[in-house]
Amino acid sequence: MTAAGNFSSPIFTSPPMFDSVDRPPTKLGFAKFPANFSPECRRFTVSASKNLAPMKAIDVDVKSNGCEAVNDCDGSIGIENTRNGIRSTNVVWHKCSVEKVDRQELLQQRGCVIWITGLSGSGKSTVACALTRILHARGKLTYVLDGDNVRHGLNSDLTFKAEDRAENIRRIGEVAKLFADAGLICIASAISPYRKDRDACRSILPDGDFIEVFMDIPLCVCESRDPKGLYKLARAGKIKGFTGIDDPYEPPLNSEIVLQQDGEVCPPPEAMAEKVISYLEAKGYLQA
């Protein structure tokens, strides 16, 4: 494929491997300059074009269902247009010379995800904030992904239907994974009522880096607290699909940490947070 003007020097020539169109060269790849195109402009165009990279052909495959798969000639990039948007299919991971182990060495800690799950009003956010405050005081870098907070931005387009709840947790899990890979101790605090969604988040992290913390607080206690007034609205039928009332909560079967009441008394959030910190210390997460 060669592009040229009304002069002897070509603008650029691509390697023969990309010349897959069997047509006369005058119909493809030639630039026709206007009659008033000055010699100076022509020389500038020829000079600038020397920095152009060879063009790569793409193959477009329209599937029977109407979706379009696009791949470049070496198979390293691909996208699929679906009814829900564009999904990558053939993207190759680009490895960087600075890896997780380097960031952990810099921070003197190990990146992980502490996933706090439980009913609304069980104290997830309170414990998460107490935990991050204690770790911060010890010089450890943390970040809290609060289930309510992420719905103000990242997940503001999602409802509380089952499929949107699953997507909500998937997104939180992917962001938490990035924080952990950056070497941070990420504390995700979300009701996350469905076991399969929590297990899916666990599956995308290295073994041991997903620490599930179950706030095992009875429904009656959570409802008596009702800090946001949501249980009252759910009981009145003004909120549908509320976890614990007319939508199920599936408790963890094998969580790393269980935080419970001591008889009829609920321990202060700092005491619960210290239990999590003891686990982190025992597993070596507070040192590189």
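Predicted, not measured: the structure shown is a model, and the values here were computed from it.

Caption draft 1: Expanded view of the state of the cysteines. Within this structure, the stated rule accounts for zero disulfides. In this structure Cys222 is not part of a disulfide, and its nearest cysteine sulfur, from Cys220, lies 8.1 Å away.

Caption draft 2: Structural view of the sheet that holds strand β8 (residues 142–146). Spatially, the five strands line up as an open sheet ordered β8-β9-β7-β10-β11, and their pairing is parallel. The sheet is open, and its two edges are formed by β8 and β11 (257–260), each paired on a single side. In this sheet, neighbouring strand axes are inclined to one another by 20° on average, regardless of whether the strands run parallel or antiparallel. As defined by bridge partners, strand β10 (residues 210–216) adjoins β11 across four bridges and the pair is classed as parallel. When the sheet's bridge partners are listed, Val213 is paired in β11 with Ile257. Relative to the sheet, helix α3 (residues 124–137) contacts β7 (112–117), β8, β9 (185–189), β10 and β11, its axis offset from that of β9 by approximately 165°. The sheet strands contacting helix α9 (residues 269–282) are β7, β10 and β11, and the helix crosses β11 at an angle near 165°.

Caption draft 3: Quick look at the packing of α3 against α9. Interhelical geometry of α3 versus α9 gives an angle of 60° and a closest axis separation of 8 Å. When the axes of α3 and α9 are compared, the pair comes out oblique. Crossing handedness for the pair α3 and α9: right-handed. Residues Thr126, Val127, Ala130, Leu131, Arg133, Ile134 and Leu135 of α3 form the contact with α9, whose participating residues are Pro269, Glu270, Met272, Ala273, Glu274, Val276, Ile277 and Leu280. In terms of residue class, the contact of α3 with α9 is made up of eleven nonpolar, one polar and three charged.

Caption draft 4: Structural context of the layout of surface pockets. When its volume is computed, the largest pocket comes out at roughly 610 Å³. Every residue lining the largest pocket is counted, 28 residues in all, and those nearest its centre are Ser120, Asp148, Phe160, Ile191 and Lys228. Class assignment for the residues of the lining of the largest pocket results in nine nonpolar, twelve polar and seven charged. Every residue along the wall of the second largest pocket is listed here: Trp93, His94, Lys95, Cys96, Val98, Glu99, Lys100, Arg103 and Asp181. Considered class by class, the residues forming the lining of the second largest pocket number three nonpolar, one polar and five charged.

Caption draft 5: How the structure looks around the environment of Gln261. Assignment of secondary structure puts Gln261 in the loop between β11 and α9. Gln261 sits eleven residues away from Met272 along the chain, and the two C-alpha atoms are 9.8 Å apart. Aside from chain neighbours lying at most four places away, what touches Gln261 is Ile217, Pro218, Val221, Cys266 and Pro267.

Caption draft 6: Up close: helix α6 (residues 195–203). Among all positions of α6, only Asp197, Arg198 and Cys201 are buried. Projection of α6 onto a plane perpendicular to its axis shows the buried side chains occupying an angular sector of 100°, all on one side. Away from its buried face by more than 90 degrees, α6 exposes Lys196 and Ser203.

What counts and what doesn't
Residues numbered from 1 in each chain as written. Predicted model: local features only at pLDDT ≥ 70, side-chain atom pairs only at ≥ 80, totals over all residues. Heavy atoms only, no water. Disulfide = S-S within 2.5 Å. Pairing = 2+ DSSP bridges. Helix = DSSP H or I, 4+ residues; strand = E, 2+ residues; numbered from the N terminus. Axes fitted to C-alpha atoms, helices over the stretch in contact; angles between N-to-C directions. Contact = heavy atoms within 4.5 Å. Parallel < 35°, antiparallel > 145°, perpendicular 65-115°, else oblique. Left-handed = near helix turned anticlockwise from the far one by under 90°. Nonpolar A, V, L, I, M, F, W, Y, C, P; charged D, E, K, R; others polar. 1 Å grid on protein atoms, 1.4 Å probe; cavity = no way out; pocket = protein on both sides within 12 Å on 5 of 7 lines; lining within 4 Å. Points joined across faces, edges and corners; volume = space filled by probe spheres on them. Buried < 20%, exposed > 50% of the residue type's maximum accessible area, 1.4 Å probe, protein only. Arc of directions from axis to C-beta.

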